[in-house]
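One letter stands for each residue in the lines below.
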Amino acid sequence: MFVTFEGIEGSGKSTALRLLAAYLQERGHDPVLTREPGGSTLGRSLRPILLDARTRGLSSRAELHLFLADRAQHVAEIIRPALEAGQTVLCDRFSDSTLAYQGYGRGHDVERLRRINAQATGGLAPDLTLLLDLSVAEGLERAGERNRAEGTVLSEGRFDSESLDFHERVRAGYLALAASEPERIAVIDATQAPEDVLLQCLSALEERLHHRGTGIA
Ligand code: TYD
């Protein structure tokens, strides 16, 4: 089972992913935890180029293709082998990030992005996507606090410093994607406390497994 976590900056994806992983581990599962950009060996070199606020002059096309290169390698090196071995993969960001950020955010044609993204992934799509949704104001506030606390304001801040309009387009883009694929994308209210966010994620997962005729317990 391939589960992805999506959302704007500061939506709490990484916390939700860790809590869901801990829940599954307590029940004897051994999920693979990974993320984009940066889940593969190549990706660890690409991540600073993509996220560092001091990266200058990266064109939006070059940015797009670096995210796709990161994803192609990540699928080949980490995700597909794990799924083929029967493991559950929990991934912080995947293809929907490209549609939301490079498509709705930067203005690349979304249908064209779907096609080139499918080339990068070899057609792999998540079984379930948890979209952690909250207002842009709240998300940026949380992301700012985290970056200050972790000292990553510059090293991870390139997207955080985009305009409010950009982040509003990304959020609206995510919600449009969720509306067009409600069976795959579950919208989670990310303003709730982490344990309530986990409960919402679990109920979306249960529902998905129920449709497939399997269970988590
Ligand atoms: P991430 O490390 O998850 O940061 P955050 O915790 O702030 O969400 O994501 C890195 C950034 O990369 C994030 O701002 C979104 C952006 N991104 C894209 O623009 N396109 C993509 O395809 C991916 C995977 C990420």
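Keep in mind the model is a prediction, meaning the values are calculated, not measured. (Residues numbered from 1 in each chain as written. Predicted model: local features only at pLDDT ≥ 70, side-chain atom pairs only at ≥ 80, totals over all residues. Heavy atoms only, no water.)

### As for unusual backbone geometry
So, step 1. The peptide bond linking E36 to P37 adopts the cis configuration, its omega dihedral lying at -10°.
So, step 2. Mapped onto the elements of the fold, P37 is located in the loop between β2 (32-35) and α2 (41-51). (Helix = DSSP H or I, 4+ residues; strand = E, 2+ residues; numbered from the N terminus.)

### As for the state of the cysteines
So, step 1. For the coordinates displayed, the defined rule picks out 0 disulfides.
So, step 2. Left unpaired, C91 is separated from the closest cysteine sulfur, that of C201, by 15 Å.
So, step 3. Take C201: its relative accessible area is 1%, and that puts it in the buried class. (Disulfide = S-S within 2.5 Å. Buried < 20%, exposed > 50% of the residue type's maximum accessible area, 1.4 Å probe, protein only.)

### Side note on empty space enclosed by the protein
So, step 1. For the structure shown, the criterion picks out 1 cavity of 30 Å³ or more.
So, step 2. In this structure, the largest cavity occupies an estimated 30 Å³ of space.
So, step 3. The wall of the largest cavity is formed by E6, D96, T129, L131, Y174, L177, A178 and I185.
So, step 4. Counting only elements with at least two residues in the lining of the largest cavity, the list comes to β4 (128-133) and α7 (164-180).
So, step 5. With 3 residues, α7 is the largest single contributor of residues to the lining of the largest cavity.
So, step 6. Of the residues belonging to the lining of the largest cavity, the class tally is 5 nonpolar, 1 polar and 2 charged. (1 Å grid on protein atoms, 1.4 Å probe; cavity = no way out; pocket = protein on both sides within 12 Å on 5 of 7 lines; lining within 4 Å. Points joined across faces, edges and corners; volume = space filled by probe spheres on them. Nonpolar A, V, L, I, M, F, W, Y, C, P; charged D, E, K, R; others polar.)

### Quick notes on the pairing of strand β1 (residues 2-7)
So, step 1. Of all 6 residues that make up β1, 6 are buried, and the element is covered over most of its length.
So, step 2. Along β1, one buried face is formed by F2, T4 and E6 and the opposite face, lined by V3, F5 and G7, is buried too.
So, step 3. Here 4 bridges tie β1 to strand β3 (residues 89-92), and the two strands are oriented parallel to one another. The residue bridging V3 from the neighbouring strand is L90, located in β3. (Pairing = 2+ DSSP bridges.)

### Here's the deal with the pattern of salt bridges
So, step 1. In total, this model carries 15 salt bridges according to the counting rule given.
So, step 2. Here R27 and E26 are joined by a salt bridge, their closest N and O atoms 3.6 Å apart.
So, step 3. For R27, a relative accessible area of 36% gives the class partly exposed.
So, step 4. The exposure class assigned to E26 is exposed, which follows from its relative accessible area of 65%. (Salt bridge = Lys/Arg side-chain N within 4 Å of Asp/Glu carboxyl O.)

### Side note on the layout of surface pockets
So, step 1. The space that makes up the largest pocket amounts to roughly 930 Å³.
So, step 2. As for the largest pocket, its lining consists of 38 residues, and the residues nearest its centre are G10, K13, S14, D92 and R146.
So, step 3. Breaking the lining of the largest pocket down by element, the ones donating at least two residues are α1 (13-26), α2, α3 (60-84), α4 (95-105), α6 (136-150) and α8 (194-212).
So, step 4. Examining the composition of the lining of the largest pocket, we find that 5 residues originate from one element, α1, more than from any other.
So, step 5. The residue makeup of the lining of the largest pocket, split by class, is 12 nonpolar, 11 polar and 15 charged.
So, step 6. The calculated volume of the second largest pocket comes to roughly 220 Å³.
So, step 7. Around the second largest pocket, the lining is made up of 13 residues, and of these S95, R114, N117, A125 and R184 lie nearest the centre.
So, step 8. When residues of the lining of the second largest pocket are traced back to their parent elements, those giving at least two are α4 and α5 (110-121).

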